[in-house]
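Notes for the structure review
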Amino acid sequence: MAVNASERGKGTGSKLLQAVEDRAIKHDISTIVLNSGNRQERQIANRFYEAAGFVPKATGFYKQL
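The numbers attached to residues start from 1 for each chain and follow its sequence in the written order. A pLDDT threshold of at least 70 governs which residues receive local features in this predicted model, and a stricter bar of 80 or more applies before side-chain atom pairs are shown or counted, although totals over entire chains, interfaces and linings include all residues. Values reported for side chains reflect all heavy atoms of the structure, with hydrogen atoms and water molecules removed beforehand.

1. Details of the overall build of the chain
Stated precisely, the cut-off is as follows: For the purposes of this entry, the term helix denotes a DSSP run of H or I that reaches at least four residues, the term strand denotes a run of E that reaches at least two, and both are numbered from the N terminus. Atoms considered for the radius of gyration are the C-alpha atoms alone. The globule rule reads 2.2 Å times the number of residues to the power 0.38. Every accessible area reported is derived by Shrake-Rupley at a probe size of 1.4 Å, with residue values counting cover from the shown protein chains alone. By the counting rule applied here, Lys and Arg register as positive and Asp and Glu as negative, while His and the ends of each chain are not counted. Charge positions are represented by NZ for Lys, CZ for Arg, CG for Asp and CD for Glu.
When its secondary structure is counted, the chain shows two helices and zero strands. Its C-alpha radius of gyration of 14 Å places the chain more than 25% over the 11 Å reference for a compact globule of 65 residues. Based on the C-alpha atoms only, the size of the chain along its principal axes is roughly 45 × 30 × 20 Å. When the accessible surface of the chain is split by element, carbon and sulfur atoms take 53% of a total near 6000 Å². Across the chain, the 10 positively charged side chains and the 6 negatively charged ones have centroids separated by 6 Å.

2. Regarding the environment of Arg42
Stated precisely, the cut-off is as follows: Summary of the burial criterion: residues with accessible area below 20% of their type's maximum are buried, those above 50% are exposed, and those between are partly exposed, where the area comes from a 1.4 Å probe applied to protein chains only. Contact definition: two residues touch when any of their heavy atoms are within 4.5 Å.
Along the chain, the position of Arg42 falls in the loop between α1 (12-26) and α2 (43-51). Overall, Arg42 belongs to the partly exposed group, its relative accessible area being 22%. Along the backbone, Arg42 and Lys63 are 21 residues apart, and their C-alpha atoms lie at a distance of 20 Å. Those residues in contact with Arg42 that lie beyond four places of it in its chain are Ser36, Gly37 and Tyr49.

Written out as structure tokens, the structure is:
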């Protein structure tokens, strides 16, 4: 999920996350997992997710040959 840059700061992302959480609760889902990446350009998004209560947990790896 991504919010267009022109919509950021208007509550769109928060509304989308709330809709996901409401649906998860409705279906007895107890955990939501998302992958935002840890690249420099994802720092703003990662702070948004942390502010929404998500806990940073995983690290991904890849090897280019």
